[in-house]
Structures are given as C-alpha cells and as structure tokens.
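# A closer look at the structure
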Protein chains: 2
Amino acid sequence: MEHRISDLLKKHGLRSTTMREEVLRTFFAANKRALDHPELERRLPHADRITLYRTLKTFAEKGLIHEVVDGGLATKYALCPDSCTEHQHHDEHAHFHCQDCGKTICLEATATATVQVPTGFRVKQTHLVVEGSCDECF
Amino acid sequence: MEHRISDLLKKHGLRSTTMREEVLRTFFAANKRALDHPELERRLPHADRITLYRTLKTFAEKGLIHEVVDGGLATKYALCPDSCTEHQHHDEHAHFHCQDCGKTICLEATATATVQVPTGFRVKQTHLVVEGSCDECF
DNA sequence: AGGATAATGCAACAATATTGCAAATGAAAA
DNA sequence: TTTTCATTTGCAATATTGTTGCATTATCCT
Ligand SMILES: [Mn+2]
Ligand SMILES: [Mn+2]
Ligand SMILES: [Zn+2]
Ligand SMILES: [Zn+2]
C-alpha cells in the first residue's frame, strides 16, 4: 500500500511528501466517498490548512482526484480512475448525494443522457447527480 | 407585469416589498438564466447585501426560485415553474452551464436517466447539468 | 553529499454567507 | 383612516471557504 501511494504520486509527476501521502491514504480509505476540506482537516488534525488547499488543487490538476459538485458549501473531491492524467480527466461517472447525511459517492454508471439544448449551444459533457437517501439513512 | 409580481408574492404567502419586487423583476428579465448574489448586487446597486441573501433564501423556501448547482463559487438561483410551492418543488429540468462565460440556464428537458445505485440506497430525484458553450461563445 | 527546484507554513487578504438586534414597514383590524 | 403588530429591513459582528506572497524547509537528481 505504501508503494501504491508513492508510486501513484511519482506516476503523476509529484514529489512524495508526508502531507500528500496522508491525504492520498485518506482518499483510499474513504472508499469512493467524496471528501471536502473540512472533513480532511478533521481526519488530519495536524495538517496545515493552506497546504491542504494546495494539495487538493494540485491533485485535481494532476489527475489524482476530481471535483464532485453536489451543492454543498465546500468543494468535494474523490479519487480518479487510473486513466486520468494531468492532460485529461475521464470522470464521466454519476454521483450519489445523500440528502440526509450529506455523504457523496462516485457511482459506476456513466451519464449518457442526451438533452435538447437551444440552437447554437454546444454540449461538451454532462454531469449527473442522483439525490436520495443512502443505506445508513434508510 | 406589476400585478404578476405582487400577485406571485401574495400567492406564496409573502409581503410585497420594494426589494422583493425588484429581485423578482430581475429574475423575470433574466429569461431562464440563473443569477447569483454578486450579479444581483450589480443589477440592484442600492440593495442591501444581507437583505438580498435573506430574500433569496426566503424565495427558495417558498417555491419562487430554486438553487442551480453548476460548480460556480456563489450559489445560483433561477425562477421556479408555477407548480412549485412552499411544500414541494418540481424542478426536475436539466440545466446548461457555459464553460466559457459561466452563464447557466434552465432547459426544458427533464432528466429521466435511470441510474444503478448500491443496495439500500434510495433515489428521490436526479439533477443533470450539461456543460458546453452557449450561442454567444461559439 | 551538494544544489536546483518544489513544497511547506505562516500571515495577510478576499469572497461568500449567517446571526443578532433595533428600527422601519406592510397589511390586517379597528 | 388610523391603529396595531408581526414581518422585514439595515447595520454590525462573525463565520466559513478559499487565495496569494514570501521566507524557510524538504525532496530528489546528479
Ligand atoms: Mn479524474
Ligand atoms: Mn422550484
Ligand atoms: Zn446518508
Ligand atoms: Zn456562454
């Protein structure tokens, strides 16, 4: 596992630091669940707030994590599939957002909906968020 | 039009005030486009910032407007269909977000995608955001 | 081990949003 | 119309989320 972590950083052209390894470990432990800055601060109490912001931004730019937009106040992030790189993300999968506990997870399903848009508009991609209650909230 | 505005407020159990009428007029003028707090402040320069926040929250609670989640920094809102009330919203329609100018509009199409979720999860509704370029951005 | 370069930690600042409370206002009752 | 009073407003204070500048520290390549 330690190898997996540092190899993943190297693969994306990033130096190994304590902060980065701990953040990445936290994402792997989250098991498809999206994490925001406040939650990462709670899980890594000694981590510097600003460095954490920069770590998340760097990870997103380099293709290790992607933003998940679910309407919450703080930006959430989740682990990318292996195929994401600095140059191109492939995070077309849908996400589930629990209305009760606020938890957000990545789903396997890809959003393939075809939607009619006004004349002159061009569609590049679609994002699907499924709202409901998770297994722990009934 | 003035009647339409004050009647709409009354219909949703809200008193008519200058602020509320001006905000509502601004939403009608926006023609299906979602507006956030900074833009409303620009369009209503004399409006008090805090009252504007409370107006938006009240309108959303009472079923006059709904939040539109497009990943932008500030929360965006758009006019609800007539059928939305204090007790229940019906804003299943998809939204378009322009990656170039940041503009977001309500689409006619409803997201009917059926997505597989893990065992024990319950789906209440789905939100579809279409990303691309609008007619003014090529 | 040395040195170039990247990352960190701290301070300062910016943007978005909420809460408490006294004063002003809207609308129903008198 | 005037009175009444709950609602709404405006202002101050505070909270939350996020960014930028810069000196110091750490990583990694040779
Ligand atoms: Mn990705
Ligand atoms: Mn609505
Ligand atoms: Zn839940
Ligand atoms: Zn545009």
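Everything numeric in this text was worked out from a predicted model, so none of it was measured.

Cut-offs used in this document
Residues numbered from 1 in each chain as written. Chains lettered and ligands numbered in written order. Predicted model: local features only at pLDDT ≥ 70, side-chain atom pairs only at ≥ 80, totals over all residues. Heavy atoms only, no water. Contact = heavy atoms within 4.5 Å. Buried area = accessible area lost by both parts, 1.4 Å probe. Salt bridge = Lys/Arg side-chain N within 4 Å of Asp/Glu carboxyl O. Helix = DSSP H or I, 4+ residues; strand = E, 2+ residues; numbered from the N terminus. Nonpolar A, V, L, I, M, F, W, Y, C, P; charged D, E, K, R; others polar. Least-squares fit on C-alpha atoms with pLDDT ≥ 70 in both. Buried < 20%, exposed > 50% of the residue type's maximum accessible area, 1.4 Å probe, protein only. Lys, Arg positive; Asp, Glu negative; His and termini not counted. Polar contact = N/O pair within 3.5 Å; in protein donor to acceptor, adjacent residues only side chain to side chain. Expected span 1.5 Å × (residues − 1). Pairing = 2+ DSSP bridges. Axes fitted to C-alpha atoms, helices over the stretch in contact; angles between N-to-C directions. Donors = N, O, S within 2.8 Å, 3.2 Å for Na, K, Ca; no water. Near = heavy atom within 4 Å.

## Observations regarding the interface of chain B and chain A
- Opposite the 32 residues of chain B that make contact, chain A presents 32 residues.
- In total, chain B and chain A occlude about 2600 Å² of area from one another, counting both sides; carbon and sulfur atoms represent 67% of this.
- On the chain B side of the contact with chain A, B:F121, B:H127 and B:L128 bury the most area, a combined 20% of that side's loss.
- Summed over the shared surface of chain B and chain A, the number is zero salt bridges.
- By residue number, the principal contributor to the side of chain B that touches chain A is strand β6 (residues 122-133) of chain B, which donates 12 residues.
- Partitioned by chemical class, the residues of the side of chain B that touches chain A number 17 nonpolar, 10 polar and five charged.

## Brief notes about the relation of the copies chain B and chain A
- The operation relating chain B to chain A is a screw motion whose rotation component is 178°, with 0.1 Å of axial translation and a residual RMSD of 0.3 Å. Such a combination of rotation and displacement between the chain copies is what one expects of a two-fold axis. Minimal C-alpha distance to the rotation axis in chain B is attained by B:L128, lying at 2.4 Å.

## Here we look at the side chain of A:E131
- With respect to the helices and strands, the residue A:E131 is situated in strand β6 (residues 122-133).
- The side chain of A:E131 sits in the buried core without any salt bridge; B:K124 is the nearest counter-charge, 8.9 Å away.
- Side chain to side chain, A:E131 and A:H97 meet in a polar contact 3.0 Å long.

## Observations concerning unusual backbone geometry
- For A:K32, which is not a glycine, the phi torsion comes out positive at approximately 80°.
- Looking at the element boundaries, A:K32 is found in the loop between α2 (18-30) and β1 (35-36).

## Quick notes on helix α4 (residues 49-62) of chain A
All names here are of chain A.
- The end-to-end C-alpha separation of α4 is 20 Å, in line with the 20 Å expected for 14 residues at 1.5 Å each.
- Of all the positions in α4, only L52, T55, L56, T58, F59, A60 and K62 are classed as buried.
- N-cap assignment for α4: the residue whose side-chain oxygen lies 3.2 Å from the backbone N of I50 is D48.
- Backbone geometry just after α4 places G63 at a positive phi near 90°.

## Comments concerning the sheet that holds strand β2 (residues 65-68) of chain B
Residue and element names in this part refer to chain B.
- Pairing in this open sheet of three strands is antiparallel, and the strands run β1-β3-β2 from one edge to the other. The open sheet has two free edges, formed respectively by β1 (35-36) and β2, since each of these has just one partner strand.
- Here helix α2 (residues 18-30) sits on the sheet in contact with β1, β2 and β3 (76-79), set at roughly 80° to β3.

## A closer look at the environment of A:G63
Residues and elements named next belong to chain A.
- Along the chain, the position of G63 falls in the loop between α4 and β2 (65-68).
- In sequence terms G63 and H46 are 17 residues apart; their C-alpha atoms lie 25 Å from each other.
- When sequence neighbours within four positions are dropped, the list of residues in contact with G63 reads H12, C80, C84, T85, E86 and H89.

## Re the coordination of the manganese ion (ligand 2)
- The coordination sphere of the manganese ion (ligand 2) contains the protein donors B:C80 (SG), B:C84 (SG), B:H89 (ND1), B:D91 (OD) and B:D91 (OD), at a distance range of 1.9 to 2.6 Å.
- Considered as a linear motif, the donors of the manganese ion (ligand 2) on their single chain read C-x3-C-x4-H-x1-D.

## As for the environment of A:L44
All names here are of chain A.
- For L44, the position within the fold is in the loop between α3 (37-43) and α4.
- By relative accessible area, L44 is classed as buried at 7%.
- Spatially, the C-alpha atoms of L44 and V23 are 8.0 Å apart, while their sequence positions differ by 21 residues.
- If near-sequence neighbours (up to four positions away) are discounted, L44 is found in contact with M19, E22, V23 and T26.

## A few points about the protein's contact with DNA strand D
- Around DNA strand D, a shell composed of 18 residues is seen, among which A:R15, A:S16, A:T75, B:R20 and B:R54 lie nearest.
- Here DNA strand D approaches the protein such that, of its atoms within 4 Å, sugar and phosphate make up 58%.
- A distance of 3.3 Å is found between a base oxygen of DNA strand D and a side-chain nitrogen or oxygen belonging to A:R54.
- Note that a phosphate oxygen of DNA strand D is positioned 3.4 Å from one of the side-chain N or O atoms of A:K57.
- Sorting the residues of the surface near DNA strand D by element identifies α4 of chain A together with α2 and α4 (49-62) of chain B as the ones contributing at least two each.
- For the surface near DNA strand D, the element with the most residues is α4(A), which contributes five residues.
- Residues belonging to the surface near DNA strand D are distributed by class as follows: six nonpolar, four polar and eight charged.

## Topic: the pattern of salt bridges
All names here are of chain B.
- According to the stated counting rule, one finds 14 salt bridges over all chains in the structure shown.
- Between R33 and E39 there is a salt bridge; the shortest N-O distance is 2.6 Å.
- Classification of E39 as buried rests on a relative accessible area of 11%.
- For the salt bridge of E86 with K62, the shortest nitrogen-to-oxygen distance reads 3.3 Å. Of this pair, E86 sits in the loop between β3 and β4 (93-98) while K62 is found in helix α4, placing the two residues 24 residues apart along the sequence.
- On the accessibility criterion, K62 (18% relative accessible area) is buried.

Purely geometric numbers; function is a separate question.
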